[in-house]
Every structure is written in C-alpha cells, then in structure tokens.
Amino acid sequence: MRSTVSASAQAESRNRLPVVLVHGIWNTAAIFNPLKRYLESVGWTVYTFSMTPNNGDAPIELLAEQVSTFVQGAIAPQQSFHLIGFSMGGLISRYYVQRLGGLGRIKTFITISTPHRGTLLALSSRRPGIRQMRPGSRFLTELNRDIDCLRGCSFYTLWTPFDLLILPPWSSIVGLGKTQRLCIASHNQMIRDTKGLAAIDSVLSA
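About the cut-offs
Residues numbered from 1 in each chain as written. Predicted model: local features only at pLDDT ≥ 70, side-chain atom pairs only at ≥ 80, totals over all residues. Heavy atoms only, no water. Axes fitted to C-alpha atoms, helices over the stretch in contact; angles between N-to-C directions. Helix = DSSP H or I, 4+ residues; strand = E, 2+ residues; numbered from the N terminus. Parallel < 35°, antiparallel > 145°, perpendicular 65-115°, else oblique. Left-handed = near helix turned anticlockwise from the far one by under 90°. Contact = heavy atoms within 4.5 Å. Nonpolar A, V, L, I, M, F, W, Y, C, P; charged D, E, K, R; others polar. pLDDT = per-residue confidence, 0-100. Buried < 20%, exposed > 50% of the residue type's maximum accessible area, 1.4 Å probe, protein only. Phe/Tyr/Trp six-rings, centres within 6.5 Å; stacked < 30°, edge-to-face > 60°. Lys NZ or Arg CZ within 6 Å of the ring centre and 35° of its normal.

Participant: Would you mind going over the packing of helix H2 (residues 33-41) against helix H7 (residues 194-205) in detail, with residue names and values included?
Facilitator: Running from N to C, H2 and H7 point in directions that differ by 50°, and their axes come no closer than 10 Å. Here H2 lies oblique to H7, going by the angle between them. Pair H2 / H7 crosses with right-handed handedness. Counted together, Leu35, Tyr38 and Leu39 of H2 and Leu197, Ala198, Ile200, Asp201 and Leu204 of H7 form the full contact between these two elements. For the contact of H2 with H7, the residue count by class is seven nonpolar, no polar and one charged.

Pasting the structure below:
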C-alpha cells in the first residue's frame with residue numbers, strides 16, 4: 001500500500017537540511033540501510049557513502065578527507081547539513097568538523113556509540129586507525145584538546161551502557177553538548193532499534 005503524505009509534511013520535508021551518515025570500522029554504507037529508510041520515511045534527505053579501507057589500515061585523518069571530498073561533491077557549497085557519525089565514524093566526523101572546515105557547514109552533529117575517550121578493544125590491534133582509538137592515544141589527546149569548538153554547532157552524543165565494543169561504554173561521553181543514554185542491547189542496534197531511530201529523528205527535528 002502506498003503511503004500518503006500531507007501537503008504540510010511535504011513542505012516541511014522541503015525545508016529540512018540534508019543528512020550525511022558516516023560509518024565506522026569494518027562497515028560500509030549498507031550498515032545504515034535501516035536508519036536511512038527510517039529517516040527518509042519521515043521526510044529527511046539522506047546521503048551515505050563507503051570509505052576505504054574500512055579495516056583500520058588507514059589513519060582516521062585519511063578517512064576524514066574522504067568525508068570532506070564526498071560532502072563537496074554531494075552538497076552545494078552554500079548548503080548547511082546535519083552530520084551523523086556512528087562508532088569510529090564519529091571520530092572521523094569530528095576530525096572533518098574540527099580540522100577540515102566542517103564546523104562552518106554543519107547545523108547538527110550527532111555521534112552514536114563513538115569512542116571519544118577510546119576503547120580498550122583497540123589495545124589488541126596494530127592497525128594504525130585502530131591504534132588511534134586506544135585510550136590516551138596521541139590522536140584522541142590532540143582531538144579532545146580543542147573539543148570546545150564543537151560548541152559552534154548543535155552537538156549530541158547518543159550511547160548505550162550495554163555497548164561491548166566501546167569499553168568502557170561511558171567512553172562515548174565527552175561532557176559537551178547534549179548526551180542521551182539509550183537502553184539498547186548492543187552497539188550496532190543503536191542505529192537499528194526503534195528507540196535509537198526515534199531518538200535520532202528527534203534530535204534532527206529539535
């Protein structure tokens with residue numbers, strides 16, 4: 001059955017800024033399929049893309065340059081947008097925002113289950129991108145040194161205490177902007193569970 005959309009809803013959709021989704025390690029744009037479908041169903045225009053390599057062999061800075069290149073090609077220079085980074089994608093997005101000029105373009109910046117203060121799981125890897133996610137790494141120390149610049153946008157952090165990939169889970173909390181704790185069972189469910197989907201839409205609509 002084809003759903004109907006009211007004239008007021010169509011007008012609201014036309015006035016909404018586009019949303020760019022940035023995936024994390026081992027992922028591709030496909031991980032966002034449930035979130036993309038949900039956001040589009042409620043009127044958002046959503047952009048996804050896949051970064052390479054996605055296995056930690058590339059430093060986060062290189063992946064952030066891919067975000068910058070994608071945005072330049074997909075969104076008009078004068079157009080603001082909302083940015084959502086999931087997991088390592090939140091750190092990639094932060095580097096784009098804090099170092100590559102993204103702060104001047106975004107309205108809302110949401111990080112979801114992002115190891116802002118690192119994850120203990122990164123200690124077992126020698127891959128450069130994963131090493132950057134070690135607690136106390138040089139990359140995180142430098143990035144967190146001027147995190148206050150994120151006050152220049154609407155910055156939100158969503159996290160779950162049941163996250164087994166961000167260890168400890170509260171490493172996702174940075175004490176800046178607005179933080180929302182969601183009782184969702186696992187890391188990837190944060191962008192699939194109905195509570196997570198609704199929370200993301202609510203933040204974008206704020």
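Let's pick the thread back up.
Participant: Could you give me a rundown of the confidence of the model for the chain, with the residues and numbers involved?
Facilitator: Put simply, the chain has an average pLDDT of 94, and 93% of its residues get 70 or more. In the predicted structure, residues 1-12 sits below a pLDDT of 50 and forms one contact with residues beyond four places in sequence or in another chain.

Participant: Account for unusual backbone geometry, naming residues and giving values.
Facilitator: Residue Pro53 follows Thr52 across a cis peptide bond; omega there is -10°. Relative to the helices and strands, Pro53 is located in the loop between strand S2 (46-48) and helix H3 (60-74). Across the junction of Leu167 and Pro168, the peptide omega takes the value -5°, indicating a cis bond. If you trace the backbone, Pro168 turns up in the loop between strand S5 (154-159) and strand S6 (178-181). Phi at Trp26 is positive, roughly 70°, even though this residue is not glycine. Position of Trp26 relative to the elements: it lies in the loop between strand S1 (19-22) and H2. Overall, the relative accessible area of 52% leaves Trp26 in the exposed class. Within the chain, Ser87 stands out as a residue other than glycine whose phi angle is a positive 60°.

Participant: Go over the packing of aromatic side chains with me, naming the residues and quoting the values.
Facilitator: Applying the stated criterion across every chain, the model contains four aromatic pairs. Consider the rings of Phe49 and Phe70, whose centres lie 4.3 Å apart with planes at 10°: the pair is stacked. Placement of Phe49 in the loop between S2 and H3 and of Phe70 in helix H3 is noted, with a sequence separation of 21 residues between them. A ring pair is formed by Phe109 and Phe155, whose centres lie 5.4 Å apart and whose planes are at 40°; its orientation type is tilted. Linking Phe109 in strand S4 (residues 106-112) with Phe155 in strand S5, this pair joins segments that are 46 residues apart in sequence. The exposure classification of Phe109 matches that of Phe155, with both residues buried. Among the aromatic residues, ring-to-ring pairing joins Tyr47, Phe49 and Phe70 into one connected group. Looking at Arg16, its charged tip hangs above the ring of Trp44, at a distance of 4.1 Å from the centre.

Participant: Outline the environment of Cys183, listing residues and values.
Facilitator: On the secondary structure map, Cys183 appears in the loop between S6 and H7. Expressed as a C-alpha distance, the spacing of Cys183 and Ile60, which sit 123 residues apart in the sequence, is 29 Å. For Cys183, the residues in contact, after removing those within four places along its chain, are Thr160, Phe162 and Lys195.

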